[in-house]
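# Secondary and tertiary structure notes
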Amino acid sequence: MPIAFDNSYVKLPQRFYAKQAPVPVSSPELIAVNHSLAETLGIDPLWLESDEGVNVIAGNALPDGSEPIATVYAGHQFGHWNPRLGDGRAVLLGEVIAKDGERYDIQLKGSGITPYSRNGDGRAPLGPIVREYIVSEAMAALGIPTSRTLAAVTSGDAVYRESRLDGAVLARVAKSHIRIGTMQYFASIEDTDGLKLLVDHIIERHYPDAAKSDNPTLAMFEAVMRRQAYLVARWQGIGFIHGVMNTDNMLLSGETIDYGPCAFMDTFDSSALYSSIDQQGRYAYRNQPAIANWNLTCLAQSLVPLFDADEEKSVEMAQKSLAQFSEIYQAEYSATFTKKLGLTSTQPDDEKLIQDFLNLLQNQHCDLTLAFRRLSELPVAPEVIKPLFDFPNSFDDWISRWQSRCTEESISTDDRHQRMMATNPAFIPRNHLVEAAIQQAYAGYFSMFHRLNKRLAQPFEYSEADSDLALPPKPEQIVQQTFCGT
Ligand code: AMP
Ligand code: MG
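What counts as what
- Residues numbered from 1 in each chain as written.
- Chains lettered and ligands numbered in written order.
- Predicted model: local features only at pLDDT ≥ 70, side-chain atom pairs only at ≥ 80, totals over all residues.
- Heavy atoms only, no water.
- Helix = DSSP H or I, 4+ residues; strand = E, 2+ residues; numbered from the N terminus.
- Buried < 20%, exposed > 50% of the residue type's maximum accessible area, 1.4 Å probe, protein only.
- Contact = heavy atoms within 4.5 Å.
- Donors = N, O, S within 2.8 Å, 3.2 Å for Na, K, Ca; no water.
- Axes fitted to C-alpha atoms, helices over the stretch in contact; angles between N-to-C directions.
- Parallel < 35°, antiparallel > 145°, perpendicular 65-115°, else oblique.
- Left-handed = near helix turned anticlockwise from the far one by under 90°.
- Nonpolar A, V, L, I, M, F, W, Y, C, P; charged D, E, K, R; others polar.
- Expected span 1.5 Å × (residues − 1).
- Domains from an automatic or database assignment.
- Near = heavy atom within 4 Å.
- Polar contact = N/O pair within 3.5 Å; in protein donor to acceptor, adjacent residues only side chain to side chain.
- Areas by Shrake-Rupley, 256 points an atom, 1.4 Å probe, with all protein chains shown as cover.
- Core = buried A, V, L, I, M, F, W, Y, C linked by side-chain atoms within 4.5 Å.
- Pairing = 2+ DSSP bridges.
- Patch = residues over 30% accessible without salt bridge, like charges linked within 9 Å, V, L, I, M, F, W, Y side chains within 5 Å.
- Salt bridge = Lys/Arg side-chain N within 4 Å of Asp/Glu carboxyl O.
- Lys, Arg positive; Asp, Glu negative; His and termini not counted.
- Charge placed at Lys NZ, Arg CZ, Asp CG, Glu CD.

## Focus: the overall build of the protein
In terms of regular secondary structure, the protein is built from 17 helices and 12 strands. In terms of its C-alpha atoms, the protein occupies a principal-axis envelope of roughly 65 × 60 × 45 Å. Expressed as a percentage of the 486 residues in the protein, the buried residues total 59%. For the protein, the proportion of contacts with a sequence separation of at least 24, taken over those separated by at least 6, is 71%.

Shown next as C-alpha coordinates:
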(Lines give C-alpha, C1' and ligand atoms only; values in the text may rest on other atoms or scores of the structure.)
(Ligands and ions follow the chains in the order given, each with its own letter.)
Protein backbone atom coordinates (compact mmCIF):
# COMPACT_ATOMS: atom_id res chain seq x y z
CA MET A 1 0.00 0.00 0.00
CA PRO A 2 1.69 3.27 -1.08
CA ILE A 3 0.21 5.22 1.84
CA ALA A 4 -0.34 3.35 5.11
CA PHE A 5 -3.47 5.12 6.28
CA ASP A 6 -4.59 4.86 9.88
CA ASN A 7 -7.65 7.06 10.10
CA SER A 8 -9.17 8.30 13.32
CA TYR A 9 -11.25 11.42 12.62
CA VAL A 10 -13.55 9.47 10.31
CA LYS A 11 -14.36 7.22 13.28
CA LEU A 12 -16.04 10.15 15.00
CA PRO A 13 -19.81 10.37 14.40
CA GLN A 14 -21.11 11.33 10.97
CA ARG A 15 -22.07 14.82 12.12
CA PHE A 16 -18.37 15.75 12.28
CA TYR A 17 -17.92 15.65 8.51
CA ALA A 18 -19.36 14.80 5.14
CA LYS A 19 -18.03 11.87 3.16
CA GLN A 20 -16.59 13.56 0.12
CA ALA A 21 -14.23 12.30 -2.55
CA PRO A 22 -12.02 14.83 -4.32
CA VAL A 23 -13.43 15.97 -7.65
CA PRO A 24 -11.15 14.93 -10.54
CA VAL A 25 -9.29 17.50 -12.66
CA SER A 26 -8.64 17.31 -16.40
CA SER A 27 -4.89 16.99 -16.84
CA PRO A 28 -2.74 17.05 -13.75
CA GLU A 29 0.96 17.76 -13.99
CA LEU A 30 3.44 17.54 -11.19
CA ILE A 31 4.88 20.75 -9.74
CA ALA A 32 6.91 19.16 -6.98
CA VAL A 33 7.07 16.41 -4.41
CA ASN A 34 8.61 17.11 -1.01
CA HIS A 35 10.97 14.14 -0.78
CA SER A 36 12.08 14.49 2.80
CA LEU A 37 8.55 14.97 4.10
CA ALA A 38 7.31 12.02 2.04
CA GLU A 39 10.02 9.86 3.56
CA THR A 40 9.14 10.98 7.08
CA LEU A 41 5.56 9.95 6.36
CA GLY A 42 6.70 6.58 5.07
CA ILE A 43 5.62 7.37 1.51
CA ASP A 44 7.95 6.63 -1.39
CA PRO A 45 8.63 10.00 -3.05
CA LEU A 46 9.25 8.29 -6.38
CA TRP A 47 5.82 6.72 -6.21
CA LEU A 48 4.35 10.18 -5.51
CA GLU A 49 6.11 11.43 -8.62
CA SER A 50 4.76 8.58 -10.75
CA ASP A 51 1.55 8.89 -12.78
CA GLU A 52 -0.25 7.02 -10.05
CA GLY A 53 1.02 9.37 -7.36
CA VAL A 54 0.26 12.48 -9.40
CA ASN A 55 -3.29 11.23 -9.91
CA VAL A 56 -3.67 10.79 -6.18
CA ILE A 57 -2.44 14.34 -5.43
CA ALA A 58 -4.73 15.70 -8.11
CA GLY A 59 -7.70 13.87 -6.61
CA ASN A 60 -8.17 11.76 -9.77
CA ALA A 61 -7.50 8.50 -7.95
CA LEU A 62 -8.06 7.43 -4.39
CA PRO A 63 -5.26 5.50 -2.75
CA ASP A 64 -6.14 2.31 -0.87
CA GLY A 65 -7.07 2.97 2.72
CA SER A 66 -8.14 6.55 2.13
CA GLU A 67 -11.56 7.55 3.53
CA PRO A 68 -12.01 11.05 2.16
CA ILE A 69 -14.05 13.53 4.16
CA ALA A 70 -14.73 17.25 4.33
CA THR A 71 -14.91 18.37 7.95
CA VAL A 72 -17.38 20.82 9.41
CA TYR A 73 -16.45 23.87 11.47
CA ALA A 74 -17.63 27.40 12.21
CA GLY A 75 -15.67 30.51 13.07
CA HIS A 76 -15.31 34.20 13.61
CA GLN A 77 -14.10 35.81 10.41
CA PHE A 78 -12.70 39.29 11.05
CA GLY A 79 -14.66 39.23 14.29
CA HIS A 80 -17.96 38.28 12.64
CA TRP A 81 -19.57 35.02 13.59
CA ASN A 82 -20.15 32.50 10.81
CA PRO A 83 -22.13 29.51 12.14
CA ARG A 84 -21.08 27.13 9.39
CA LEU A 85 -17.90 27.05 7.39
CA GLY A 86 -16.18 23.71 6.89
CA ASP A 87 -13.75 22.38 4.30
CA GLY A 88 -15.11 24.14 1.24
CA ARG A 89 -12.21 23.33 -1.01
CA ALA A 90 -10.35 20.60 0.80
CA VAL A 91 -10.75 16.95 1.65
CA LEU A 92 -8.96 14.93 4.24
CA LEU A 93 -7.68 11.79 2.54
CA GLY A 94 -6.79 10.21 5.85
CA GLU A 95 -4.09 10.01 8.49
CA VAL A 96 -0.74 8.27 8.70
CA ILE A 97 1.62 7.50 11.55
CA ALA A 98 4.97 8.93 10.53
CA LYS A 99 8.45 7.70 11.35
CA ASP A 100 8.58 10.17 14.26
CA GLY A 101 5.63 8.26 15.75
CA GLU A 102 3.30 11.24 15.24
CA ARG A 103 -0.08 11.06 13.54
CA TYR A 104 -0.44 13.34 10.50
CA ASP A 105 -3.38 14.35 8.34
CA ILE A 106 -2.98 14.24 4.59
CA GLN A 107 -5.38 16.69 3.06
CA LEU A 108 -5.90 17.86 -0.51
CA LYS A 109 -6.52 21.57 -0.95
CA GLY A 110 -8.19 22.87 -4.11
CA SER A 111 -9.81 19.49 -4.63
CA GLY A 112 -13.29 20.58 -5.73
CA ILE A 113 -16.63 21.43 -4.19
CA THR A 114 -17.91 19.89 -0.98
CA PRO A 115 -21.14 20.37 0.99
CA TYR A 116 -19.37 23.30 2.69
CA SER A 117 -18.35 25.18 -0.44
CA ARG A 118 -21.19 27.72 -0.19
CA ASN A 119 -20.69 29.89 -3.30
CA GLY A 120 -17.10 28.85 -3.88
CA ASP A 121 -15.80 26.64 -6.65
CA GLY A 122 -13.77 24.40 -4.36
CA ARG A 123 -10.64 25.17 -6.32
CA ALA A 124 -7.39 27.03 -5.80
CA PRO A 125 -5.42 29.08 -8.30
CA LEU A 126 -1.79 28.20 -8.91
CA GLY A 127 -0.43 31.36 -7.24
CA PRO A 128 -1.68 30.67 -3.70
CA ILE A 129 -0.56 27.05 -4.03
CA VAL A 130 2.95 28.16 -4.97
CA ARG A 131 2.93 30.60 -2.03
CA GLU A 132 1.73 27.97 0.42
CA TYR A 133 4.33 25.47 -0.74
CA ILE A 134 7.24 27.89 -0.40
CA VAL A 135 6.16 29.62 2.80
CA SER A 136 4.96 26.59 4.75
CA GLU A 137 8.18 24.71 4.01
CA ALA A 138 10.27 27.77 4.84
CA MET A 139 8.46 28.09 8.17
CA ALA A 140 9.21 24.43 8.93
CA ALA A 141 12.89 24.97 8.16
CA LEU A 142 12.86 28.03 10.43
CA GLY A 143 11.66 25.73 13.19
CA ILE A 144 8.20 27.23 13.49
CA PRO A 145 5.26 24.86 14.03
CA THR A 146 3.36 24.71 10.76
CA SER A 147 1.31 22.67 8.35
CA ARG A 148 3.57 21.28 5.64
CA THR A 149 3.37 20.70 1.92
CA LEU A 150 3.80 17.17 0.67
CA ALA A 151 3.28 17.87 -3.02
CA ALA A 152 1.55 20.08 -5.55
CA VAL A 153 0.20 19.64 -9.06
CA THR A 154 -1.33 21.89 -11.67
CA SER A 155 -4.81 20.78 -12.61
CA GLY A 156 -5.05 21.70 -16.26
CA ASP A 157 -8.33 23.47 -15.44
CA ALA A 158 -8.94 27.21 -15.31
CA VAL A 159 -10.03 28.94 -12.13
CA TYR A 160 -11.92 32.21 -12.41
CA ARG A 161 -11.14 34.99 -9.94
CA GLU A 162 -10.56 38.60 -11.05
CA SER A 163 -9.20 36.92 -14.15
CA ARG A 164 -8.76 33.45 -15.58
CA LEU A 165 -6.00 31.64 -13.74
CA ASP A 166 -4.42 28.20 -13.89
CA GLY A 167 -5.68 25.91 -11.16
CA ALA A 168 -3.63 23.70 -8.83
CA VAL A 169 -4.01 21.21 -6.00
CA LEU A 170 -1.78 20.95 -2.95
CA ALA A 171 -1.35 18.03 -0.57
CA ARG A 172 -1.17 19.51 2.91
CA VAL A 173 0.12 17.73 5.98
CA ALA A 174 -0.60 18.75 9.57
CA LYS A 175 -0.75 17.12 12.97
CA SER A 176 -4.46 17.72 12.57
CA HIS A 177 -6.72 20.22 10.86
CA ILE A 178 -8.96 20.71 13.88
CA ARG A 179 -9.55 24.39 14.52
CA ILE A 180 -10.81 26.63 17.29
CA GLY A 181 -13.75 26.98 14.90
CA THR A 182 -14.38 23.23 15.08
CA MET A 183 -14.98 23.52 18.84
CA GLN A 184 -17.08 26.62 18.23
CA TYR A 185 -19.26 24.70 15.80
CA PHE A 186 -20.28 22.02 18.29
CA ALA A 187 -20.67 24.57 21.10
CA SER A 188 -22.86 26.81 18.97
CA ILE A 189 -25.29 24.04 18.05
CA GLU A 190 -25.31 23.02 21.72
CA ASP A 191 -24.08 19.56 20.87
CA THR A 192 -22.31 18.98 24.15
CA ASP A 193 -21.80 15.28 23.43
CA GLY A 194 -20.08 16.18 20.18
CA LEU A 195 -18.00 18.80 21.95
CA LYS A 196 -16.92 16.25 24.52
CA LEU A 197 -15.97 13.73 21.84
CA LEU A 198 -13.92 16.38 20.10
CA VAL A 199 -12.14 17.38 23.30
CA ASP A 200 -11.30 13.73 23.97
CA HIS A 201 -10.00 13.37 20.43
CA ILE A 202 -7.81 16.47 20.79
CA ILE A 203 -6.46 15.33 24.14
CA GLU A 204 -5.61 11.88 22.88
CA ARG A 205 -4.01 13.23 19.76
CA HIS A 206 -2.21 16.38 20.89
CA TYR A 207 -2.26 16.75 24.66
CA PRO A 208 -2.07 13.27 26.23
CA ASP A 209 -0.75 14.77 29.47
CA ALA A 210 -4.02 16.65 29.94
CA ALA A 211 -5.79 13.30 30.38
CA LYS A 212 -3.95 12.85 33.65
CA SER A 213 -5.21 16.13 35.06
CA ASP A 214 -8.17 16.49 37.47
CA ASN A 215 -9.83 18.62 34.84
CA PRO A 216 -8.64 17.38 31.44
CA THR A 217 -10.65 19.95 29.46
CA LEU A 218 -9.14 22.83 31.39
CA ALA A 219 -5.68 21.29 31.12
CA MET A 220 -6.16 20.93 27.38
CA PHE A 221 -7.34 24.53 27.08
CA GLU A 222 -4.29 25.79 28.93
CA ALA A 223 -2.00 23.65 26.81
CA VAL A 224 -3.57 25.08 23.64
CA MET A 225 -3.08 28.54 25.09
CA ARG A 226 0.63 27.88 25.72
CA ARG A 227 1.13 26.59 22.21
CA GLN A 228 -0.62 29.61 20.70
CA ALA A 229 1.49 31.95 22.81
CA TYR A 230 4.65 30.17 21.69
CA LEU A 231 3.54 30.20 18.05
CA VAL A 232 2.67 33.88 17.87
CA ALA A 233 5.86 34.86 19.72
CA ARG A 234 7.82 32.93 17.10
CA TRP A 235 5.92 34.67 14.31
CA GLN A 236 6.83 38.03 15.83
CA GLY A 237 10.46 36.98 15.99
CA ILE A 238 10.76 36.52 12.24
CA GLY A 239 8.33 39.26 11.20
CA PHE A 240 5.65 36.90 9.96
CA ILE A 241 2.21 38.38 9.50
CA HIS A 242 -0.41 35.68 9.16
CA GLY A 243 -3.04 37.96 7.70
CA VAL A 244 -6.23 35.98 8.46
CA MET A 245 -6.18 34.96 12.10
CA ASN A 246 -9.85 34.03 12.03
CA THR A 247 -10.84 31.42 14.60
CA ASP A 248 -11.31 28.90 11.79
CA ASN A 249 -7.68 29.40 10.79
CA MET A 250 -6.17 28.62 14.18
CA LEU A 251 -5.34 24.98 14.74
CA LEU A 252 -5.71 23.40 18.17
CA SER A 253 -2.43 21.58 17.49
CA GLY A 254 -0.66 24.96 17.58
CA GLU A 255 0.62 24.78 14.02
CA THR A 256 0.49 27.67 11.58
CA ILE A 257 -2.14 27.11 8.90
CA ASP A 258 -3.76 28.92 6.02
CA TYR A 259 -1.10 30.74 4.08
CA GLY A 260 -3.49 33.12 2.35
CA PRO A 261 -2.51 36.77 2.45
CA CYS A 262 0.45 36.11 4.75
CA ALA A 263 3.63 38.14 4.44
CA PHE A 264 7.05 38.68 5.96
CA MET A 265 8.04 42.21 6.80
CA ASP A 266 11.28 43.49 5.32
CA THR A 267 11.72 46.88 7.01
CA PHE A 268 10.65 46.58 10.62
CA ASP A 269 7.30 48.24 11.20
CA SER A 270 5.10 47.17 14.07
CA SER A 271 1.99 48.33 12.22
CA ALA A 272 2.85 46.24 9.14
CA LEU A 273 -0.18 44.90 7.32
CA TYR A 274 -0.30 43.49 3.82
CA SER A 275 -3.66 41.80 3.41
CA SER A 276 -5.89 43.51 0.88
CA ILE A 277 -9.00 42.23 2.65
CA ASP A 278 -8.11 43.65 6.08
CA GLN A 279 -9.27 47.27 5.84
CA GLN A 280 -9.22 47.85 9.61
CA GLY A 281 -5.79 46.38 10.22
CA ARG A 282 -7.26 43.83 12.61
CA TYR A 283 -4.53 41.33 11.78
CA ALA A 284 -1.56 43.74 11.59
CA TYR A 285 1.77 42.54 13.01
CA ARG A 286 1.43 44.27 16.36
CA ASN A 287 -2.13 42.99 16.89
CA GLN A 288 -1.28 39.31 16.48
CA PRO A 289 -0.81 38.56 20.20
CA ALA A 290 -4.04 40.33 21.17
CA ILE A 291 -5.90 38.47 18.44
CA ALA A 292 -4.53 35.16 19.67
CA ASN A 293 -5.95 36.12 23.06
CA TRP A 294 -9.28 37.04 21.46
CA ASN A 295 -9.39 33.70 19.65
CA LEU A 296 -8.58 31.81 22.82
CA THR A 297 -11.43 33.63 24.53
CA CYS A 298 -13.74 32.22 21.86
CA LEU A 299 -12.33 28.78 22.51
CA ALA A 300 -12.81 29.15 26.26
CA GLN A 301 -16.40 30.24 25.71
CA SER A 302 -17.03 27.13 23.64
CA LEU A 303 -15.63 24.93 26.38
CA VAL A 304 -17.67 26.45 29.22
CA PRO A 305 -20.17 23.54 29.18
CA LEU A 306 -17.29 21.16 29.89
CA PHE A 307 -15.12 22.95 32.42
CA ASP A 308 -17.61 22.39 35.20
CA ALA A 309 -21.23 21.31 35.63
CA ASP A 310 -21.89 24.61 37.38
CA GLU A 311 -21.92 27.28 34.68
CA GLU A 312 -20.92 30.13 36.92
CA LYS A 313 -17.97 28.21 38.24
CA SER A 314 -17.07 27.20 34.73
CA VAL A 315 -17.00 30.79 33.48
CA GLU A 316 -14.83 31.74 36.42
CA MET A 317 -12.38 28.96 35.59
CA ALA A 318 -12.25 30.09 31.97
CA GLN A 319 -11.58 33.67 32.98
CA LYS A 320 -8.91 32.69 35.42
CA SER A 321 -7.12 30.63 32.81
CA LEU A 322 -7.42 33.29 30.14
CA ALA A 323 -6.04 35.91 32.48
CA GLN A 324 -2.71 34.07 32.32
CA PHE A 325 -2.34 34.53 28.58
CA SER A 326 -0.61 37.93 28.63
CA GLU A 327 2.03 36.74 31.00
CA ILE A 328 2.60 33.46 29.16
CA TYR A 329 2.83 35.31 25.89
CA GLN A 330 5.19 37.93 27.28
CA ALA A 331 7.50 35.21 28.55
CA GLU A 332 7.51 33.52 25.12
CA TYR A 333 8.10 36.85 23.41
CA SER A 334 11.04 37.65 25.68
CA ALA A 335 12.43 34.16 25.24
CA THR A 336 12.20 34.52 21.46
CA PHE A 337 14.00 37.85 21.33
CA THR A 338 16.60 37.24 24.04
CA LYS A 339 17.57 34.16 22.06
CA LYS A 340 17.82 36.29 18.93
CA LEU A 341 20.12 38.63 20.85
CA GLY A 342 22.33 35.71 21.84
CA LEU A 343 21.40 35.82 25.52
CA THR A 344 21.05 32.60 27.43
CA SER A 345 19.67 34.09 30.63
CA THR A 346 17.05 36.75 31.20
CA GLN A 347 17.41 39.88 33.24
CA PRO A 348 14.83 42.48 34.17
CA ASP A 349 16.22 45.05 31.73
CA ASP A 350 16.22 42.70 28.75
CA GLU A 351 12.71 43.64 27.72
CA LYS A 352 13.79 47.25 27.37
CA LEU A 353 16.90 46.20 25.45
CA ILE A 354 14.69 44.31 22.98
CA GLN A 355 12.17 47.11 22.66
CA ASP A 356 14.83 49.75 22.15
CA PHE A 357 16.39 47.72 19.37
CA LEU A 358 13.06 47.26 17.63
CA ASN A 359 12.30 50.97 18.02
CA LEU A 360 15.63 51.80 16.41
CA LEU A 361 14.88 49.45 13.54
CA GLN A 362 11.49 51.06 13.08
CA ASN A 363 12.79 54.64 13.26
CA GLN A 364 15.76 53.95 11.00
CA HIS A 365 13.69 51.89 8.53
CA CYS A 366 15.97 48.88 8.92
CA ASP A 367 15.38 45.40 7.63
CA LEU A 368 14.41 43.10 10.50
CA THR A 369 16.08 39.95 9.16
CA LEU A 370 19.32 41.59 8.10
CA ALA A 371 19.62 43.52 11.34
CA PHE A 372 19.52 40.41 13.50
CA ARG A 373 21.77 38.55 11.11
CA ARG A 374 24.28 41.39 11.13
CA LEU A 375 24.15 41.49 14.91
CA SER A 376 24.97 37.77 14.92
CA GLU A 377 28.03 38.48 12.76
CA LEU A 378 29.26 41.54 14.60
CA PRO A 379 31.40 39.90 17.28
CA VAL A 380 33.47 37.73 14.94
CA ALA A 381 33.33 37.89 11.20
CA PRO A 382 31.73 41.04 9.99
CA GLU A 383 32.51 40.38 6.35
CA VAL A 384 29.70 38.01 5.47
CA ILE A 385 26.49 39.95 5.72
CA LYS A 386 28.03 43.35 6.18
CA PRO A 387 28.04 44.22 2.49
CA LEU A 388 24.27 43.91 2.66
CA PHE A 389 23.67 45.90 5.81
CA ASP A 390 25.40 48.43 8.03
CA PHE A 391 24.09 49.78 11.30
CA PRO A 392 23.68 53.57 11.15
CA ASN A 393 25.51 55.57 13.84
CA SER A 394 22.32 55.91 15.78
CA PHE A 395 22.81 52.27 16.81
CA ASP A 396 26.16 52.91 18.53
CA ASP A 397 24.75 53.43 22.01
CA TRP A 398 22.44 50.47 21.77
CA ILE A 399 25.21 48.20 20.47
CA SER A 400 27.45 49.12 23.41
CA ARG A 401 24.59 48.35 25.79
CA TRP A 402 24.04 44.99 24.13
CA GLN A 403 27.77 44.21 24.17
CA SER A 404 28.04 45.00 27.86
CA ARG A 405 24.94 42.91 28.53
CA CYS A 406 26.63 40.03 26.67
CA THR A 407 29.63 40.20 28.98
CA GLU A 408 27.32 39.20 31.85
CA GLU A 409 26.70 35.88 30.12
CA SER A 410 28.71 32.78 30.80
CA ILE A 411 29.09 31.67 27.17
CA SER A 412 32.00 32.61 24.95
CA THR A 413 31.73 35.13 22.15
CA ASP A 414 32.17 32.37 19.62
CA ASP A 415 29.50 30.23 21.21
CA ARG A 416 27.12 33.21 21.16
CA HIS A 417 27.98 33.85 17.54
CA GLN A 418 27.20 30.24 16.62
CA ARG A 419 23.93 30.28 18.52
CA MET A 420 22.81 33.54 16.96
CA MET A 421 23.70 32.30 13.47
CA ALA A 422 21.47 29.29 14.09
CA THR A 423 18.64 31.51 15.39
CA ASN A 424 18.62 34.47 13.04
CA PRO A 425 18.06 33.40 9.45
CA ALA A 426 19.94 34.85 6.50
CA PHE A 427 17.07 33.88 4.22
CA ILE A 428 13.33 34.21 4.66
CA PRO A 429 10.60 33.91 2.01
CA ARG A 430 10.55 37.59 1.25
CA ASN A 431 7.34 38.77 -0.37
CA HIS A 432 8.96 39.99 -3.57
CA LEU A 433 10.71 36.66 -4.08
CA VAL A 434 7.55 34.66 -3.49
CA GLU A 435 5.74 37.01 -5.84
CA ALA A 436 8.41 36.47 -8.50
CA ALA A 437 8.05 32.70 -8.14
CA ILE A 438 4.27 33.03 -8.50
CA GLN A 439 4.49 35.21 -11.62
CA GLN A 440 6.96 32.77 -13.18
CA ALA A 441 4.74 29.82 -12.34
CA TYR A 442 1.78 31.43 -14.11
CA ALA A 443 4.07 31.80 -17.13
CA GLY A 444 4.83 28.08 -16.92
CA TYR A 445 8.28 28.25 -15.33
CA PHE A 446 9.16 26.91 -11.92
CA SER A 447 12.87 27.72 -11.65
CA MET A 448 12.41 30.44 -9.02
CA PHE A 449 10.02 28.17 -7.10
CA HIS A 450 12.63 25.40 -6.99
CA ARG A 451 15.49 27.77 -6.26
CA LEU A 452 13.64 29.33 -3.34
CA ASN A 453 12.60 25.99 -1.89
CA LYS A 454 16.16 24.74 -2.02
CA ARG A 455 17.63 27.85 -0.42
CA LEU A 456 14.91 28.24 2.22
CA ALA A 457 15.38 24.65 3.34
CA GLN A 458 18.60 25.94 4.92
CA PRO A 459 17.69 29.44 6.02
CA PHE A 460 20.58 29.79 8.46
CA GLU A 461 23.33 28.86 5.97
CA TYR A 462 24.48 31.94 4.12
CA SER A 463 25.53 31.26 0.57
CA GLU A 464 27.23 33.82 -1.62
CA ALA A 465 25.69 32.21 -4.70
CA ASP A 466 22.27 33.13 -3.35
CA SER A 467 23.19 36.55 -1.98
CA ASP A 468 20.42 38.12 -4.06
CA LEU A 469 17.87 36.08 -2.11
CA ALA A 470 19.06 37.59 1.17
CA LEU A 471 18.50 41.13 -0.03
CA PRO A 472 15.47 43.23 0.82
CA PRO A 473 13.43 44.32 -2.18
CA LYS A 474 14.43 47.29 -4.31
CA PRO A 475 11.83 50.06 -4.08
CA GLU A 476 10.15 48.90 -7.29
CA GLN A 477 10.03 45.29 -6.02
CA ILE A 478 8.24 46.04 -2.75
CA VAL A 479 5.01 44.10 -2.44
CA GLN A 480 2.46 46.46 -0.91
CA GLN A 481 -0.47 44.09 -0.67
CA THR A 482 -1.13 40.38 -0.61
CA PHE A 483 -4.31 38.68 -1.71
CA CYS A 484 -6.10 35.68 -0.34
CA GLY A 485 -6.68 34.36 -3.85
CA THR A 486 -9.46 32.07 -2.72
P1 AMP B 1 -10.17 30.81 4.20
O2 AMP B 1 -10.37 32.28 4.19
O3 AMP B 1 -9.29 30.33 3.08
O4 AMP B 1 -9.76 30.28 5.50
O5 AMP B 1 -11.60 30.19 3.90
C6 AMP B 1 -12.72 30.45 4.68
C7 AMP B 1 -13.82 29.49 4.31
O8 AMP B 1 -14.14 29.60 2.94
C9 AMP B 1 -13.48 28.03 4.53
O10 AMP B 1 -14.65 27.37 4.94
C11 AMP B 1 -13.04 27.57 3.16
O12 AMP B 1 -13.21 26.19 2.98
C13 AMP B 1 -13.98 28.35 2.28
N14 AMP B 1 -13.40 28.59 0.95
C15 AMP B 1 -12.33 29.33 0.65
N16 AMP B 1 -12.10 29.31 -0.67
C17 AMP B 1 -13.02 28.53 -1.23
C18 AMP B 1 -13.32 28.12 -2.56
N19 AMP B 1 -12.59 28.49 -3.60
N20 AMP B 1 -14.38 27.29 -2.73
C21 AMP B 1 -15.13 26.90 -1.69
N22 AMP B 1 -14.91 27.25 -0.43
C23 AMP B 1 -13.88 28.06 -0.19
MG1 MG C 1 -9.23 28.65 6.36
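## Overview of the side chain of Arg205
Relative to the helices and strands, Arg205 resides in helix H6 (residues 192–206). Aside from chain neighbours lying at most four places away, what touches Arg205 is Ser8, Tyr9, Glu95, Arg103, Asp105, Lys175, Ser176 and Ile178.

## Observations regarding the coordination of the magnesium ion (ligand 2)
Coordination of the magnesium ion (ligand 2) by the protein involves Asn249 (OD1) and Asp258 (OD), with metal-donor separations of 2.0 to 2.2 Å. For the pair formed by Asn249 and Asp258, the shared burial category is buried.

## Considering the packing of helix H4 (residues 126–141) against helix H15 (residues 431–442)
Where H4 meets H15, the closest approach of the two axes is 9 Å, and the angle between their N-to-C directions is 135°. One finds that H4 runs oblique with respect to H15. As H4 packs across H15, the resulting crossing turns out to be right-handed. Contacts between H4 and H15 involve Leu126, Gly127, Pro128, Val130, Arg131, Ile134 and Val135 on the former and, on the latter, Val434, Glu435, Ala437, Ile438, Ala441 and Tyr442. Among the residues forming the contact of H4 with H15, the class breakdown is 10 nonpolar, 1 polar and 2 charged.

## Notes on H6
Spanning 15 residues, H6 covers 21 Å between terminal C-alpha atoms, matching the ideal 21 Å at 1.5 Å per step. Of the residues making up H6, those classed as buried are Gly194, Leu195, Leu198, Val199, His201, Ile202, Ile203, Arg205 and His206. Turning to H6, the residues buried within the fold contact strand E6 (90–97), strand E7 (103–109), helix H5 (180–188), helix H7 (216–238) and helix H8 (288–307).

## Considering the domain arrangement of the protein
Examined at the domain level, the protein breaks down into domain 1 (9–178) and domain 2 (343–421). The centre of domain 1, based on its C-alpha atoms, is set 40 Å off from the matching centre of domain 2.

## So, the site of ligand 1
Around ligand 1 there are 18 residues in total, and Gly86, Gly88, Arg118, Gly122 and Asn249 lie nearest to it. Gly86 places a polar main-chain atom, nitrogen or oxygen, 2.6 Å from an oxygen atom of ligand 1. One of the side-chain N or O atoms of Asp258 is found 3.1 Å from an oxygen atom in ligand 1. Starting from 480 Å² of accessible surface for ligand 1 in isolation, the protein chains cover 88%. Of the residues assigned to the shell around ligand 1, the class counts are 2 nonpolar, 8 polar and 8 charged.

## Some words on the nonpolar core
In terms of nonpolar packing, the biggest core is built from 123 residues, with Met183, Met220 and Leu361 touching the most fellow members. A domain-level breakdown of this core finds at least three residues from each of domain 1 (9–178) and domain 2 (343–421). Residues contacting Leu361, with those up to four places away along its chain left out, are Phe268, Cys366, Leu368, Ala371, Phe372 and Phe395. Among the nonpolar cores identified, the runner-up in size contains 27 residues, and Val33, Ala58, Leu108 and Ala151 belong to it.

## What to know about the pairing of E7
Most of E7 is tucked away, with 6 of its 7 residues classed as buried. Two elements, E6 and E7, share 7 bridges in a ladder whose sense is antiparallel. From the neighbouring strand, Val91 faces E7, where its bridge partner is Leu108. Taking the residues between adjacent antiparallel strands as the criterion, E6 and E7 are bridged by 5 residues, where Gly101 takes a positive phi near 85°. Looking at chain direction, E7 and strand E10 (residues 164–174) are connected through 5 bridges and run antiparallel. Note on E10: the bridge partner recorded for Lys109 is Leu170.

## Here we look at a negative patch on the surface
Taken together, the side chains of Asp310, Glu311, Glu312 and Glu316 make up a negatively charged region of the molecular surface. Here Glu316 is to be found in helix H9 (residues 311–322). For Glu316, a relative accessible area of 53% puts it in the exposed group.

## Digging into the side chain of Thr182
Note that Thr182 resides in helix H5. Contacts of Thr182, omitting those with residues within four sequence positions, involve Tyr9, Val72, Tyr73 and Leu198.

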